[in-house]
Amino acid sequence: MIGRLNHVAIAVRDIAAASALYRDTLGADVSAAVPQPEHGVTTVFVTLPNTKIEFLEPLGENSPIAKFLERNPDGGIHHICYEVDDILTARDQLKATGARVLGSGDPKIGAHGKPVLFLHPKDFNGTLVELEQA
Ligand SMILES: C[C@@H](C(=O)O)C(=O)SCCNC(=O)CCNC(=O)[C@H](O)C(C)(C)COP(=O)(O)OP(=O)(O)OC[C@H]1O[C@@H](n2cnc3c(N)ncnc32)[C@H](O)[C@@H]1OP(=O)(O)O
Ligand SMILES: [Co+2]
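Criteria and cut-off values
Residues numbered from 1 in each chain as written. Chains lettered and ligands numbered in written order. Predicted model: local features only at pLDDT ≥ 70, side-chain atom pairs only at ≥ 80, totals over all residues. Heavy atoms only, no water. Donors = N, O, S within 2.8 Å, 3.2 Å for Na, K, Ca; no water. Helix = DSSP H or I, 4+ residues; strand = E, 2+ residues; numbered from the N terminus. Buried < 20%, exposed > 50% of the residue type's maximum accessible area, 1.4 Å probe, protein only. Near = heavy atom within 4 Å. Polar contact = N/O pair within 3.5 Å; in protein donor to acceptor, adjacent residues only side chain to side chain. Areas by Shrake-Rupley, 256 points an atom, 1.4 Å probe, with all protein chains shown as cover. UniProt positions renumbered as here; feature names shortened; annotations may be inferred. Phe/Tyr/Trp six-rings, centres within 6.5 Å; stacked < 30°, edge-to-face > 60°. Salt bridge = Lys/Arg side-chain N within 4 Å of Asp/Glu carboxyl O. Arc of directions from axis to C-beta. Contact = heavy atoms within 4.5 Å.

What about the coordination of the cobalt ion (ligand 2)?
For the cobalt ion (ligand 2), every protein donor is listed as H7 (NE2), E54 (OE), H79 (NE2) and E130 (OE), and the spread of their distances is 2.1 to 2.2 Å. Donor residues for the cobalt ion (ligand 2) sit on one chain with the sequence pattern H-x46-E-x24-H-x50-E. Of this pair, H7 sits in strand 1 (residues 2-11) while E54 sits in strand 5 (residues 52-58), placing them 47 residues apart in sequence. The same class applies to H7 as to E54, namely buried.

Encoded structure:
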């Protein structure tokens, strides 16, 4: 079902500082910051030859990453995102196994303009999983 690794997301308190660190210290190709109000985060993408790193900074009052940053004040790896060919088929197959799809269960449009869904970390080895339509 799952295909390519689309991105690994790192939650940060200060996305400008994280961007500067990757650009200046690690010499990476770092995008501009983009607010994603539907997701309660601001995102930056670091493009690597084989995948991407997504920085997440909380946006707004009810950011889904707020508690994570309280627990991990230095930041930390927040989720991994796998591509799937058909997100609704993937969702329905996963729900049939008992896996919990977060939120309403309907995909939202993600940072790449494609539908995304999240799966509960307790159902996947303590790791929050994002699925993105390929
Ligand atoms: C723009 C888009 C894109 O790429 O296109 C994005 O990525 S948006 C990225 C931001 N959006 C999302 O993350 C949406 C989906 N996420 C959520 O709905 C939420 O973050 C949850 C995963 C439900 C967690 O919410 P919250 O931290 O408020 O819940 P909670 O404190 O009750 O946590 C429940 C349990 O899950 C654990 N837990 C929480 N977040 C976790 C994470 N990221 N990785 C691993 N475990 C995690 C907690 O430690 C706790 O375990 P214990 O009970 O053992 O203490
Ligand atoms: Co993501």
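What to know about the site of ligand 1
Residues in close proximity to ligand 1 total 20 residues, the closest being E54, R71, H78, A111 and K122. Within the side chain of H79, one N or O atom sits 3.1 Å away from an oxygen atom of ligand 1. The separation between an oxygen atom of ligand 1 and a polar side-chain atom of K122 is 2.6 Å. With the chains in place, 72% of the 1100 Å² that ligand 1 exposes on its own is no longer accessible. Listed by contribution, the elements that provide at least two residues to the shell around ligand 1 are strand 5, helix 2 (66-71), strand 6 (76-84) and strand 9 (128-133). Looking at the shell around ligand 1, the element that brings in the most residues is helix 2, giving 3 residues.

Focus: the UniProt feature "domain: VOC" (unreviewed entry) in the protein chain
Residues annotated by UniProt as "domain: VOC" (unreviewed entry) correspond here to residues 4-134. Along residues 4-134, the helical share is 21% and the strand share 37%, with 9 Å between the first and last C-alpha atoms.

Topic: the packing of aromatic side chains
Here the distance between the centres and the angle between the planes together describe a pair of aromatic rings. Under the counting rule described, the total for this entry stands at 1 aromatic pair. Ring geometry for Y22 and F55: centres 4.9 Å apart, planes at 85 degrees, overall edge-to-face. Placement of Y22 in helix 1 (residues 15-25) and of F55 in strand 5 is noted, with a sequence separation of 33 residues between them. Classification of F55 as buried rests on a relative accessible area of 2%.

Quick notes on the pattern of salt bridges
For side chains of opposite charge, pairing can occur when their charged atoms come near one another. In the structure shown here, the tally under the stated rule is 4 salt bridges. Note that D92 and R91 form a salt bridge whose closest N and O atoms lie 3.0 Å from each other. For D92, a relative accessible area of 43% translates into the label partly exposed. One salt bridge in this structure joins R91 and D106, with 3.4 Å as the shortest N-O distance. Separated by 15 residues along the polypeptide, R91 in helix 3 (residues 87-96) and D106 in the loop between helix 3 and strand 7 (108-109) bring together distant segments of the chain. The class of R91 is buried, set by a relative accessible area of 13%. The network of salt bridges with common partners includes R91, D92 and D106.

Thoughts on helix 3
Where helix 3 is concerned, the buried positions are I87, A90, R91 and L94. For helix 3, the angular spread of buried residues about the axis comes to 100 degrees, placing them on one side. Each element contacted by the buried residues of helix 3 is listed here: strand 6, strand 8 (115-119) and strand 9. Two to three positions downstream of the cap, the backbone nitrogen of L88 sits 3.1 Å from a side-chain oxygen, assigning the N-cap of helix 3 to D86. Directly beyond the C-terminal end of helix 3, a positive phi value near 100 degrees is found at G98.

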